[in-house]
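# Report on the structure
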Amino acid sequence: MTKHNSPLIKSVYTSPAGDITIITEDDTVIICEFSDRDTRIIRQLERFYPERIVIDGPLPSTIKIIFDRYFEGETNSLNTLKSAPVGTPFEQSVWKELQTIPAGTTWSYGELAKRLGSAPRAIGRANGRNPVCLIHPCHRVIGADGSLTGYAGGLERKEWLLKHEGCTIK
């Protein structure tokens, strides 16, 4: 947990995949969730930032430009954003590894588990707790049989994102 006095800024970015709530601390994204998943956002704020004030404000233009580029087809552009998701050391390692999955490709939970020396279920749990979707692209992780499993933003949205990035879906 951080001990800053400045308020966190809550912005909404309108995307073709649905509105995205982005919470920033200065120029760093700390939460990025689809807005229709507001219970996840509230739970993360209460758990990790209970002492912080959150105010509505504009999305920093540098972050907006990068999201615009992503949705215009530069699907690796989100890799350039500063993010600081809060989680356990294991979750942090999973979320960091997610950023190595190139846009337009998918990895299975098992493949990610092998890379991290872990179990697929543990990877799935950490993936499901990812507070910065898209930036740490948990939507690129699929079942061993190629099925689109478990996405906090919804499976239809996961499919949309993967197709947007150029993935062929079974």
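Notes on the structure in this doc start here. (Residues numbered from 1 in each chain as written. Predicted model: local features only at pLDDT ≥ 70, side-chain atom pairs only at ≥ 80, totals over all residues. Heavy atoms only, no water.)

Taken N-terminus to C-terminus, the directions of helix α3 (residues 89-98) and helix α5 (residues 120-128) make an angle of 80 degrees; their axes are 9 Å apart at the nearest point. With respect to each other, α3 and α5 are oriented roughly perpendicular. Between α3 and α5, the residues in contact are Phe90, Glu91, Val94, Trp95 and Leu98 and Ala122, Ile123, Ala126 and Asn127, respectively. Per-class residue counts for the contact of α3 with α5 are seven nonpolar, one polar and one charged. (Axes fitted to C-alpha atoms, helices over the stretch in contact; angles between N-to-C directions. Helix = DSSP H or I, 4+ residues; strand = E, 2+ residues; numbered from the N terminus. Parallel < 35°, antiparallel > 145°, perpendicular 65-115°, else oblique. Contact = heavy atoms within 4.5 Å. Nonpolar A, V, L, I, M, F, W, Y, C, P; charged D, E, K, R; others polar.)

So, on to unusual backbone geometry. Excluding glycine, a negative phi dihedral is what most residues carry, and trans is how most peptide bonds are arranged. The phi dihedral of Asp26 is positive, around 60 degrees, even though this residue is not glycine. Here Asp26 shows up in the loop between β2 (20-25) and β3 (28-34). The backbone phi angle of Leu134 is positive, close to 70 degrees, even though this residue is not glycine. By secondary structure assignment, the location of Leu134 is in the loop between α5 and β6 (141-142). Its relative accessible area of 2% is what places Leu134 among the buried residues. (Buried < 20%, exposed > 50% of the residue type's maximum accessible area, 1.4 Å probe, protein only.)

Quick look at the side chain of Gln44 now. For Gln44, the position within the fold is in helix α1 (residues 38-48). Residue contacts for Gln44: discarding those within four places in its chain leaves Ile31, Glu33, Tyr49 and Pro131.

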